[in-house]
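Listed here are the chains, written in short residue letters.
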Amino acid sequence: MPTYVFDFARGSRSQADLLGGKGANLAEMTRLGLPVPPGFTITTEACRAYLEQGHEPAELAEQVSVQLDRLEERMGRRLGDPDDPLLVSVRSGARYSMPGMMETVLNIGLNDASVKGMARISDDKRFAWDSYRRLIQMFGKTVLDIPGHFFEEALEKAKSEAGVHSDVDIPVPTLKEIVSAYKSIIREQTGRDFPQDPREQLDLAILAVFRSWNTDRARLYRRRERIAHNLGTAVNVQAMAFGNLGEGSGTGVAFTRDPATGAPGVYGDYLPDAQGEDVVAGIRNTLPLVELGERDPEVYDELLDIMRRLELHYQDLCDIEFTVERGKLWMLQTRVGKRTAAAAFRIAVQLVDEGVIDADEAVRRVTGAQLVQLMFPRFANDTGHHLLARGVSASPGAAVGAVVFDSRTATEWAKAGRAVILVRRETNPDDLEGMVAAAGILTSRGGKTSHAAVVARGMGKTAVCGAEELRVDTSAKRMTAPDGTVISEGDILSIDGSTGQVFLGEVPVVPSPVVRYFEEGVASALHDADDATRDLIKSVDRVMRHADRSRRMLVRANADTAPDAARARRMGAEGIGLLRTEHMFLGDRKQYVERLILAHDDGERREALDALLPLQRDDFTRILEAMDGLPVTIRLIDPPLHEFLPDRTDLAIRVALAEERGEGHEADLRMLQAVNRLHEQNPMLGLRGVRLGLVLPGLFALQVRAIAEAACLRQRAGGDPRAEIMIPLVGSIQELELVAEEATRVLAEVGETESCQLRFPIGTMIELPRAAVTAGQIAEAAEFFSFGTNDLTQTTWGFSRDDVEAAFFSTYLDRGVFGVSPFESIDREGVGALVRLAVEQGRAVRPGLKCGVCGEHGGDPDSVHFFDEVGLDYVSCSPFRVPVARLEAGRASLGAGSSDSR
């Protein structure tokens, strides 16, 4: 019989797959002897069984009963006992942290009888009735799916009639009225009464947590964070510790280092006389954690000691939830804390310097996605802008956009291409879709541990929280600043997540100092930088240097011009993996392509080619100079020729109008005939790539000659040109042999004529499934393989990228056909399998065959790990992504998981 329920004392943090992150860490703290309220965990296996079968596993109820009996025996109380009730919390806990995405129910066990017993035992009627109204509200919203606004409106009405503003000031008679109103809401909305049986409350809450795994917001969060949909969540049932027991009680969240900057110290929020959800929800503004030291020095010192123990034990920044119940400290949760990108790099280096981890682990602790965040622009440092308010710097970055006050509008406007700032009093999990869509998030309540702050940091989204000076009226869709300025929906705001500043209007942005570091070096980036920026640059530099020392794969860049190539080299590229020559035929040069296409005979064709030769030669000379001493893989022209011609419809209209007016139109007519001749129903699978070289005599030979002559010029200038000639869209060895034979002949001719050595490898792109499955044959003629994963993905899936992404990808993502777009991250099972097969077959025929990738996947962190796994020699990506690929290649060599992040 499967075991679905584990006591906290039976587990450890290594069992996160089974117990979920929260359950595994509760077990770990229990094992360490820390003050953890006892309880038990229902496994992710039970959740998966429930979701698959549509009902709970047959063994679950009995196993819960056994563990509940043990918990009651340990606590000396029974669940919901009318005289001395045991109360429990029911909380979700998935393998990966999903803050706020799933459900929690507190105070289970309270009913009309036990609330009186709780009041008598605690000698605090207000505490008992406040706990009961919280249970009914959570239960109604979470378990019975009643919209939360019914309860919120009833609460606000009661407070108004009682003449109080804060929840903690609600008198007992009013709390009793609220409980009665809440029970009426449940009866009206569901047709049933709030359950008085404590065990029924518990069972229904457990199933509600299971169901919450598949809510829209949870699925949206998993898609964004690339968390698999089939993992399920664990459920943690734990004896309640009460932070709402008046004086000497409270609840808080603490970090062992600043999650926004990485600075050592005491960081967190504390809320007296409150339960844990109050802090995370941000419905009351919290106190700084240090104020707990003034209120209760003994508890504060104990908390600091536990924080130090946990950080040393986990060897990382820890995020801790705790409750103080009448002077007694209880630990409710710990986990490796989410942090900003800047904090991730700083903390990794700090822990190395403190001797906690080594340099290898420091590289594993950061990710390419975090590095990308650091490379985004930031606001210019000037004072000429209208400062509206300051809040808490919850998640750094610079965001500018139109103000919206609800998630739906944020999503709609973002889909229409508008950058938006989502403004709320506080966010809740239902706001997730709008938070994802927004450029930045601004709240008037909450702190660094509120829902908005935690979710924004996890997504790398700019956020300012707790801007108390701003009066936010979401129903009227406006906000009022302290100086009287009214900001309405659609007005432009700029928010600085690093400083907490909120500006009216658009503030200019400047390049990131991290980009300056990559392009100009450490010394330049440190010049005139503030202390925090200097510390960040030094941390990034140390991590990148070790990643470069550790990685096996080389990193090249995709570049089409000499300036692009030069920038790529400054960013650390070790060559060019894809030089697209078709871009050299655009602009004023299209006229030469048109002449080539319209040529009547070999003479006219020769003239057109001769006109293009010096232009191509100059282009190649500049690029080979920029990449002197490094390999430059030059792809011969790939797109269909119609892309270089005027639009077919426009031409037809011009010809028709000219005929109607009796005007001369011979040139347009001749061009239209050529366009019609070259027109294809599916040009991406038509006359392009190697097929062009075989059908249009002299085109590929022209390009090879231009490359060869450019290389000779560079050699005579004392350079070291290292061109590699790549034939695109090859599907058979015969195609490659024909073009390679011509290219070899041209190289020999130029080498002899110019008296220079031209030993350039000739290889091919593997971008068709047939090329992948016949790679062993193709390798007989190819000196290298470069995987064009963009086209390989299109041809493997049968997708036309320009059409399918808008047509049905959102449906495929929503319904789980794939977790992430296969154009964004490599499809390992399909496209990846073809890459693996081609590498194995090619190297079996030609040992040591150089293999790389030049599609957009070369800069995707997850894909880089796959390419390292299959043994590619290099990845190639855009110049901006080169540092990301360098870091991820190092992490791959050091065994970091592709999605590891903190």
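Residues numbered from 1 in each chain as written. Predicted model: local features only at pLDDT ≥ 70, side-chain atom pairs only at ≥ 80, totals over all residues. Heavy atoms only, no water.

(A) Layout of the nonpolar core. Counting 136 residues, the largest nonpolar core has Leu371, Ile727, Phe785 and Phe787 as the members making the most contacts within it. The element best represented in this core is helix α28 (residues 699–716), accounting for 11 residues. Excluding anything up to four places from it in sequence, phenylalanine 787 contacts Ile766, Val835, Ala838, Val839, Cys851, Gly852, Val853, Cys854, Gly855 and Leu872. (Core = buried A, V, L, I, M, F, W, Y, C linked by side-chain atoms within 4.5 Å. Buried < 20%, exposed > 50% of the residue type's maximum accessible area, 1.4 Å probe, protein only. Helix = DSSP H or I, 4+ residues; strand = E, 2+ residues; numbered from the N terminus. Contact = heavy atoms within 4.5 Å.)

(B) Structural view of the layout of surface pockets. Here the second largest pocket is characterised by a volume of approximately 880 Å³. If you trace the second largest pocket, you find 34 residues lining it, with Met684, Arg688, Asn790, Asp791 and Gln794 closest to the centre. Looking at the lining of the second largest pocket, the elements with two or more residues in it are β27 (576–580), α32 (789–797) and α33 (801–807). Top element by residues in the lining of the second largest pocket is α32. It accounts for 5 residues. Split into classes, the residues belonging to the lining of the second largest pocket amount to 12 nonpolar, 11 polar and 11 charged. (1 Å grid on protein atoms, 1.4 Å probe; cavity = no way out; pocket = protein on both sides within 12 Å on 5 of 7 lines; lining within 4 Å. Points joined across faces, edges and corners; volume = space filled by probe spheres on them. Nonpolar A, V, L, I, M, F, W, Y, C, P; charged D, E, K, R; others polar.)

(C) Region of the structure containing the sheet that holds strand β10 (residues 287–288). The strand order across the open sheet built from 5 strands is β10-β9-β8-β11-β12, with neighbouring strands paired in antiparallel fashion. Both edges of this open sheet fall to β10 and β12 (328–336), since each of them pairs with a single strand only. Alignment of strand β8 (residues 250–257) against strand β11 (residues 318–325), held across 6 bridges, turns out to be antiparallel. Bridge pairing links alanine 254 to isoleucine 320 in β11. Docked against the sheet, helix α12 (residues 297–314) engages β8, β9 (264–272), β11 and β12, running at close to 25 degrees with respect to β12. (Pairing = 2+ DSSP bridges. Axes fitted to C-alpha atoms, helices over the stretch in contact; angles between N-to-C directions.)

(D) Local environment of the packing of helix α5 (residues 125–143) against helix α8 (residues 198–212). One can describe the packing of α5 onto α8 by two numbers: an axis separation of 10 Å at closest approach and a directional angle of 45 degrees. As far as their axial angle goes, α8 and α5 are oblique. The handedness of the crossing between α5 and α8 comes out as left-handed. Along the contact surface, α5 presents Leu135, Phe139, Thr142 and Val143, while α8 presents Gln201, Leu204, Ala205, Ala208 and Arg211. (Parallel < 35°, antiparallel > 145°, perpendicular 65-115°, else oblique. Left-handed = near helix turned anticlockwise from the far one by under 90°.)

(E) Inspection of the pattern of salt bridges at higher detail. Taken as a whole, this structure holds 58 salt bridges when the rule is applied. With its nearest N and O atoms 3.3 Å apart, the salt bridge here joins aspartate 316 to arginine 365. A residue pair is termed long-range when its members are at least 10 positions apart, and aspartate 316 in the loop between α12 and β11 and arginine 365 in helix α14 (residues 359–365) qualify at 49 residues. The pair aspartate 316 / arginine 365 is uniform in exposure class, with both members buried. One salt bridge in this structure joins arginine 516 and glutamate 520, with 3.4 Å as the shortest N-O distance. Of the two residues, arginine 516 and glutamate 520 both sit in helix α19 (residues 513–520), 4 residues apart, roughly one turn of that helix. A residue is classified by how much of its surface remains accessible, and arginine 516, at 31% relative accessible area, is partly exposed. (Salt bridge = Lys/Arg side-chain N within 4 Å of Asp/Glu carboxyl O.)

(F) The arrangement of the sheet that holds strand β16 (residues 398–404) in detail. Strand order in the open sheet made by the 8 strands is β14-β24-β23-β16-β17-β18-β19-β15, with mixed pairing throughout. In the strand order of this sheet, the two ends are held by β14 (386–390) and β15 (392–395), each with one partner. Taken over all neighbouring pairs, the strand axes of this sheet differ in orientation by 30 degrees on average, direction set aside. In this sheet, strand β18 (residues 440–443) lies alongside strand β17 (residues 420–424) in parallel orientation, the contact comprising 4 bridges. The partner of leucine 422 across the bridge, within β18, is isoleucine 441.

(G) Structural detail: the environment of glycine 830. Position of glycine 830 among the secondary structure elements: in the loop between α34 (809–814) and α35 (831–845). Spatially, the C-alpha atom of glycine 830 lies 8.6 Å from that of threonine 793, the residues being 37 residues apart in sequence.

(H) Geometry of the packing of aromatic side chains. Considering all chains together, one arrives at 17 aromatic pairs under this definition. A ring pair is formed by tyrosine 517 and phenylalanine 518, whose centres lie 4.8 Å apart and whose planes are at 50 degrees; its orientation type is tilted. On the basis of relative accessible area, tyrosine 517 is assigned to the buried category, the value being 7%. Taken together, a centroid distance of 6.5 Å and an interplanar angle of 45 degrees make the contact between phenylalanine 799 and phenylalanine 823 tilted. With phenylalanine 799 in the loop between α32 and α33 and phenylalanine 823 in the loop between α34 and α35, this pair connects stretches of sequence that are 24 residues apart. (Phe/Tyr/Trp six-rings, centres within 6.5 Å; stacked < 30°, edge-to-face > 60°.)

(I) Highlighting unusual backbone geometry. Of note, glutamine 315 is a non-glycine position whose phi angle comes to about 55 degrees, a positive value. Tracing the sequence through the fold places glutamine 315 in the loop between α12 and β11. Positive phi values are uncommon outside glycine, yet arginine 326 reaches one of about 50 degrees. In this fold, arginine 326 is placed in the loop between β11 and β12.

(J) Expanded view of a nonpolar patch on the surface. Together, Leu694, Val695 and Leu738 make up an exposed nonpolar region whose accessible area comes to about 270 Å². Along the chain, the position of leucine 694 falls in helix α27 (residues 690–695). (Patch = residues over 30% accessible without salt bridge, like charges linked within 9 Å, V, L, I, M, F, W, Y side chains within 5 Å. Areas by Shrake-Rupley, 256 points an atom, 1.4 Å probe, with all protein chains shown as cover.)

(K) Structural detail: the pairing of strand β32 (residues 850–853). Of the pairings in the sheet, the one linking strand β31 (residues 784–787) to β32 comprises 4 bridges and is parallel in character. When the bridges of β32 are listed, phenylalanine 787 appears paired with valine 853. Relative to strand β33 (residues 874–877), β32 is paired through 2 bridges, and the arrangement is parallel. Looking across to β33, one finds that valine 853 is bridged to valine 875. Crossover connection from β32 via helix α36 (residues 861–869) to parallel β33: handedness right-handed. (Right-handed = clockwise from strand over helix to strand, strands pointing away.)

(L) Highlighting the pairing of strand β5 (residues 88–94). In terms of burial, β5 is a largely internal element, 7 of the 7 residues being buried. Every second residue of β5 is oriented toward a common face, with Val88, Val90, Ser92 and Ala94 on one face and Ser89, Arg91 and Gly93 on the other, all of them buried. Two elements, β5 and strand β6 (residues 104–108), share 3 bridges in a ladder whose sense is antiparallel. Of the residues in β6, the one forming a bridge with valine 90 is valine 105. Strand direction decides the pairing type here: β5 and strand β7 (residues 233–239), joined by 7 bridges, are antiparallel. Bridge pairing in β7 places valine 88 opposite alanine 239.

Shape descriptors only; they carry no functional weight alone.
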